[in-house]
Amino acid sequence: MTERVYNFAPGPAVLPEPVLAQAQCDLMALPDVGASILEISHRSQAFREIIEAAEANLRNLLAIPDHYAVLFLQGGSRLQFSMIPMNLLTPEQPSADYLISGSWGKHAYKEAKKFGPMQRAWDGGDSSYRQLPEDADLQRNPEAAYFHFTSNETIQGVQFATEPEVGEVPLVCDASSDFLHRPLPIERYGLIYACAQKNAGPAGVTLVIVRKDLLARSRDNLPIYLNYNAQAEAGSLMNTAPTFAIYIVRLVTAWLLHEIGGLECMHQRNRAKAQMLYEVIDHSGDFYQGHARPQDRSLMNVVFRLPTEELTQKFVAQAQERGMTSLAGHRSVGGIRASIYNAMPPAGVEALRDFMLKFQDKNS
Ligand code: PMP
């Protein structure tokens, strides 16, 4: 078998090895089916069992109450940037609040503005999105249709450790890059969405958890695929669902439940992994400079710079030679970004930590 690297890609990203092994094993034929997941109908009994198991695992992991629907949609998180205002704005509440803590929040806000007069509740652009606000910093409109925030900014590496306080206004969260990394108090949210390709599965499916009373806001004249209520009524099977992606979500969620031991354990493991890298950064003098303010650092995307562009390129190239790939930062921020999602094994982070220490030794 070809040897695997430690893949620090921001997404699509590393998947748990037991998941890949199971998928490989099932790819010729699913047990009792005789055909692979790629070849069966989304309306078959076998697939129904798969999507139901994926949903049951998600409900179990996050303790999702019955008054929330779980949807499996396509179009990525980008489509949610549009579906959210299309479905949740109403004639009585034509505006929503957006907390902009990085590039993705900015994209979401820009898209939402096409549907109504959105309000920026906070924008960290002046500090290059290095820090998050306190609740008291938020300019909230109590009449807003919803309040949108991005729990983890994948590019800048800033992450909310807890939810912002927004009173009675439904809280809407883009959890694309930290979904399932910790337990969530679901009842604090009106809607949570996450494309699967970072922490929950492969590209092709986006998970939406939505409080059922909000479904009444979806107007009948919306394009039917973009209507949350219609999607919930169809059990996410209005049209041909992304069957393979949903099958992998089922395997990833089963791995979280049965091999990791649930989200509390996952969170602990994620904290320990991130700490290994932040400790190197903090003890490096100024050799490694973290992008985010320490209290707002992400457990998922560790973003830092080296003293020069030349050293940055050398770092990426030498890491690659040692089997650690996709470490170059996003072009808008530069530097290094180590994405260490749930499926990145602690051994991968240890390897990176050791490399960082040696690299500094040789180059400072
Ligand atoms: N939001 C966040 C926080 C993301 O990291 C991404 C993808 N990098 C997106 C939204 C967009 O997701 P997609 O490519 O699935 O549309």
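Quantities reported herein were computed from a predicted structural model and do not represent experimental measurements.

Novice: What am I meant to see in the site of the ligand here?
Specialist: By nearness alone, 14 residues border the ligand, and R78, T154, D174, Q197 and K198 come closest of all. A distance of 3.1 Å is found between an oxygen atom of the ligand and a backbone nitrogen or oxygen belonging to S77. Within the side chain of W104, a nitrogen or oxygen atom sits 3.4 Å from an oxygen atom of the ligand. Coverage of the ligand by the protein amounts to 85% of the 390 Å² it exposes when considered alone. In terms of residue count, the dominant contributor to the shell around the ligand is helix α3 (residues 76-88) (four residues).

Novice: Just checking my understanding: could you explain empty space enclosed by the protein for this structure?
Specialist: If a probe as big as a water molecule is rolled over the atoms, it shows which places are left empty. Enumeration according to the criterion identifies two cavities of 30 Å³ or more in this entry. Empty space within the largest cavity amounts to approximately 60 Å³. Lining of the largest cavity is provided by S151, C173, A175, D178, F179, L180, H181, R182, L184 and Y189. In the lining of the largest cavity, the residues fall into six nonpolar, two polar and two charged. Looking at the second largest cavity, its volume works out to about 40 Å³. Forming the boundary of the second largest cavity are V14, L15, P16, K198, N199, A200, V252, W255, N342 and A343. Looking at the lining of the second largest cavity residue by residue, the classes come out as seven nonpolar, two polar and one charged.

Novice: Is there a simple way to think about the pattern of salt bridges in this case?
Specialist: Any two side chains of opposite charge can pair, so long as their charged atoms come close to each other. One pass over the structure, following the stated rule, counts twelve salt bridges. Between R353 and D354 there is a salt bridge; the shortest N-O distance is 3.1 Å. D354 gets classed as partly exposed once you look at its relative accessible area, which sits at 33%. Salt bridges sharing common partners tie together E163, E165, R182 and R188.

Novice: Could you clarify how one ought to interpret the side chain of H291 in this entry?
Specialist: With respect to the helices, strands and loops of the structure, H291 is situated in the loop between β11 (289-290) and β12 (301-305). A polar contact is formed between the side chain of H291 and the backbone oxygen of S128, at a distance of 2.9 Å. For H291, the contacting residues outside a window of four places in its chain are S128, Y129, R130, Q156, V303, F304, R305 and V333.

Novice: I'm lost on the sheet that holds strand β2 (residues 68-73) in this one. Help?
Specialist: Whether parallel or antiparallel, the strands of a sheet pair through hydrogen bonds between backbone atoms. Spatial ordering of the open sheet is given by β2-β10-β9-β8-β5-β3-β4, a layout of seven strands whose pairing is mixed. Pairing within the sheet leaves two strands with one partner each, and these edge strands are β2 and β4 (119-123). Across the sheet, the axes of successive neighbouring strands diverge by a mean angle of 15°, strand direction being ignored. As judged from the two bridges shared by strand β3 (residues 97-100) and strand β5 (residues 147-150), these two strands associate in the parallel manner. Counted as the bridge partner of D97 is F147 from β5. Each of β2, β3, β8 (171-174), β9 (191-195) and β10 (206-211) touches α3; the most contacted strand, β9, lies at about 155° to it.

Novice: Honestly, helix α9 (residues 346-363) in this entry has me stumped. Any pointers?
Specialist: In an α-helix, one full turn covers 3.6 residues, which means residues spaced three or four apart are oriented alike. Taking 1.5 Å per residue, 18 residues should reach 26 Å; α9 reaches 26 Å between its end C-alpha atoms and fits that length. When α9 is considered as a whole, its buried residues turn out to be G348, V349, L352, F355, M356, F359, Q360 and N363. Looking straight down α9, one finds that the buried residues subtend no more than 130° of arc, so they occupy a single side. In α9, the exposed residues that point more than 90 degrees away from the buried face are K358, D361 and K362. Buried residues belonging to α9 abut β1 (6-7), α7 (263-282), β12, α8 (309-321), β13 (324-325) and β14 (336-339).

Analysis parameters
Residues numbered from 1 in each chain as written. Predicted model: local features only at pLDDT ≥ 70, side-chain atom pairs only at ≥ 80, totals over all residues. Heavy atoms only, no water. Near = heavy atom within 4 Å. Polar contact = N/O pair within 3.5 Å; in protein donor to acceptor, adjacent residues only side chain to side chain. Areas by Shrake-Rupley, 256 points an atom, 1.4 Å probe, with all protein chains shown as cover. Helix = DSSP H or I, 4+ residues; strand = E, 2+ residues; numbered from the N terminus. 1 Å grid on protein atoms, 1.4 Å probe; cavity = no way out; pocket = protein on both sides within 12 Å on 5 of 7 lines; lining within 4 Å. Points joined across faces, edges and corners; volume = space filled by probe spheres on them. Nonpolar A, V, L, I, M, F, W, Y, C, P; charged D, E, K, R; others polar. Salt bridge = Lys/Arg side-chain N within 4 Å of Asp/Glu carboxyl O. Buried < 20%, exposed > 50% of the residue type's maximum accessible area, 1.4 Å probe, protein only. Contact = heavy atoms within 4.5 Å. Pairing = 2+ DSSP bridges. Axes fitted to C-alpha atoms, helices over the stretch in contact; angles between N-to-C directions. Expected span 1.5 Å × (residues − 1). Arc of directions from axis to C-beta.

Geometry only, nothing functional implied.
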